[in-house]
Amino acid sequence: MIGISTYAYQWRLSDRSPRPLTLAAMLEDTAALGLGLIQLCDYPPLETMSAAELDDVRERATRLGIALEVGTKGIEPQHLRRFRRIASRLGSPVVRSMLHSASYRPDPDTAERDLRSVLPDYDEHGVTLALETYEQVQTATLVEIVRRVGSRSLGICLDPGNVIAALEHPAAVAELTAPYVANMHVKDFSFTRNDDMVGFRLAGCPLGEGLLDYDHLIATVRPEERGISQIIEQWCPWQGSIDRTVATETAWVRHAVDYLGTRSRTP
């Protein structure tokens, strides 16, 4: 299934926007785009919502025909247990997270211990924990941790763009992680020369116009065949004003939805 992430709404959610989007507005926009899934990823209000408020979010999403996924950062056992409960309340089959948070950076052995302590709870409630590929942890290390834990409730959230900052190749990372992928983030990116010609800038671009080899990604992971969500994210650069930036972000989202819709119908 194709869905959208709160990371596709970064500027519209930010304090720079004169009218930041509410969660209700994001759900409405998801439905207007013709999508049936949104991933509430690193969305702080989730952690402070009461059970009744979470139930209201789920009911609103259900009325709009939208499924929910959730995401957070860190693998502290208490934190992961709290997010499993949030996921279950919202009907999310997955919790996307990262090995590190701002306050906790476990080594691989500690990470394995922490994961083993919480995964029985995830398994009991039918929720998968998907650890994201990103520049702070080498992908081989992440894969080895997942392999060693060996739980059906633990997988990888593949984001091919994040690993470039660690000098890893997106295609190689897709191949390495493919057997363990439980969730996917889809965004495009490109390098441009700085104006002074000293160095390069890595930034987002419209899907299909950059360096992401989407055909290789899909052929390697086979998300439709395996029931893996493809979640649209974006790295939309600042465009000089909030109005222009929001307009660009909005246009890129619509383009990404059209692009993925067309590709999913291609034989």
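What comes next is a walk through the structure. (Residues numbered from 1 in each chain as written. Predicted model: local features only at pLDDT ≥ 70, side-chain atom pairs only at ≥ 80, totals over all residues. Heavy atoms only, no water.)

Broken down by element type, the chain carries eleven helices and ten strands. Scaling as 2.2 N^0.38, a compact globule of 267 residues should have a C-alpha radius of gyration of about 18 Å, and the chain matches this with 18 Å. The dimensions of the chain, computed from C-alpha atoms along their principal axes, are 50 × 45 × 40 Å. A buried classification covers 52% of the 267 residues belonging to the chain. (Helix = DSSP H or I, 4+ residues; strand = E, 2+ residues; numbered from the N terminus. Rg over C-alpha atoms; globule rule 2.2 N^0.38 Å. Buried < 20%, exposed > 50% of the residue type's maximum accessible area, 1.4 Å probe, protein only.)

Further remarks concern empty space enclosed by the protein. In this structure the tally under the stated criterion is one cavity of 30 Å³ or more. As a volume, the largest cavity reaches approximately 80 Å³. As for the largest cavity, its lining consists of 13 residues, and the residues nearest its centre are Asp188, Cys205, Leu207, Glu233 and Gln234. Among the elements of the structure, strand E9 (200–205) and helix H11 (242–265) are those that each provide at least two residues to the lining of the largest cavity. (1 Å grid on protein atoms, 1.4 Å probe; cavity = no way out; pocket = protein on both sides within 12 Å on 5 of 7 lines; lining within 4 Å. Points joined across faces, edges and corners; volume = space filled by probe spheres on them.)

Taken together, the six bridges between strand E8 (residues 188–193) and E9 define a ladder with antiparallel strand orientation. Its bridge partner lying in E9, Ser190 is registered against Ala203. Here E8 hands over to E9 after six residues, with Met197 in that stretch at a positive phi of 70°. (Pairing = 2+ DSSP bridges.)

Let us now look at helix H7 (residues 139–149). In an α-helix there are 3.6 residues to a turn, and that puts residues three or four apart on one side. Of all the residues in H7, the buried ones are Thr139, Leu142, Val143, Ile145, Val146 and Val149. Down the axis of H7, the sector holding all buried residues measures 160°, keeping them to one side. Where H7 is buried, its residues touch helix H6 (108–125), strand E5 (128–132), strand E6 (154–158) and helix H8 (170–177). Positive phi shows up at Gly150, right after H7, with a value of about 65°. (Arc of directions from axis to C-beta. Contact = heavy atoms within 4.5 Å.)

The next point concerns the packing of H8 against helix H9 (residues 214–221). Where H8 contacts H9, the two axes come as close as 9 Å, and the packing angle between them is 10°. Relative to H9, the element H8 is oriented roughly parallel. Contacts between H8 and H9 involve Ala171, Ala174 and Glu175 from the first element and His216, Leu217 and Thr220 from the second. (Axes fitted to C-alpha atoms, helices over the stretch in contact; angles between N-to-C directions. Parallel < 35°, antiparallel > 145°, perpendicular 65-115°, else oblique.)

Right, let's talk about the side chain of Ser97 for a bit. Tracing the sequence through the fold places Ser97 in strand E4 (residues 94–97). Residues in contact with Ser97, not counting those within four places in the same chain, are Thr72, Lys73, Gly74, Leu80, Leu129, Ala130, Leu131 and Glu132.

Here the focus is the nonpolar core. Judged by nonpolar contacts, the single largest core of 66 residues is most densely connected at Ile4, Leu46, Leu99, Leu115, Leu129 and Leu131. Apart from the residues within four sequence positions on either side, Leu131 is in contact with Ile75, Ser97, Met98, Leu99, Leu115, Leu142, Val146, Leu154, Gly155, Ile156 and Cys157. (Core = buried A, V, L, I, M, F, W, Y, C linked by side-chain atoms within 4.5 Å.)

Quick look at the sheet that holds E6 now. Strand order around the closed barrel formed by eight strands is E1-E2-E3-E4-E5-E6-E7-E10, with parallel pairing between neighbours. Here the strands of the sheet are splayed against their neighbours by 30° on average, with no regard to which way each runs. Here helix H2 (residues 23–32) sits on the sheet and contacts strand E1 (2–5), strand E2 (37–41) and strand E3 (67–71); the angle it forms with E2, its principal contact strand, is near 150°.

If you check which residues of H9 are buried, you get Tyr214, Leu217, Thr220 and Val221. On an axial view of H9, the arc spanned by its buried residues comes to 135°, and they lie on one face.

Right, let's talk about the environment of Asp159 for a bit. Checked against the element boundaries, Asp159 lands in the loop between E6 and H8. Measuring from C-alpha to C-alpha, the distance between Asp159 and Glu132 comes to 6.7 Å, with 27 residues separating the pair along the chain. Side chain to side chain, Asp159 and Lys187 meet in a polar contact 2.5 Å long. (Polar contact = N/O pair within 3.5 Å; in protein donor to acceptor, adjacent residues only side chain to side chain.)

Before going further, it helps to spend a moment on the packing of aromatic side chains. Counting across every chain of the model gives three aromatic pairs. Look at Trp11 and Trp238: their rings are 5.2 Å apart centre to centre, the planes differ by 50°, and that puts the pair in the tilted class. Within this pair, whereas Trp11 is found in helix H1 (residues 10–13), its partner Trp238 is found in the loop between strand E10 (230–232) and H11, the two being separated by 227 residues in sequence. Ring centres of Tyr214 and Tyr259 lie 6.0 Å apart, and the angle between their planes is 70°; on these two criteria the pair is classed as edge-to-face. Residue Tyr214 is found in helix H9, and its partner Tyr259 is found in helix H11; the two are separated by 45 residues along the sequence. This pair shows no difference in class: Tyr214 is buried, exactly as Tyr259 is. The side chain of Arg16 reaches across the aromatic face of Trp238, ending 4.4 Å from its centre. (Phe/Tyr/Trp six-rings, centres within 6.5 Å; stacked < 30°, edge-to-face > 60°. Lys NZ or Arg CZ within 6 Å of the ring centre and 35° of its normal.)

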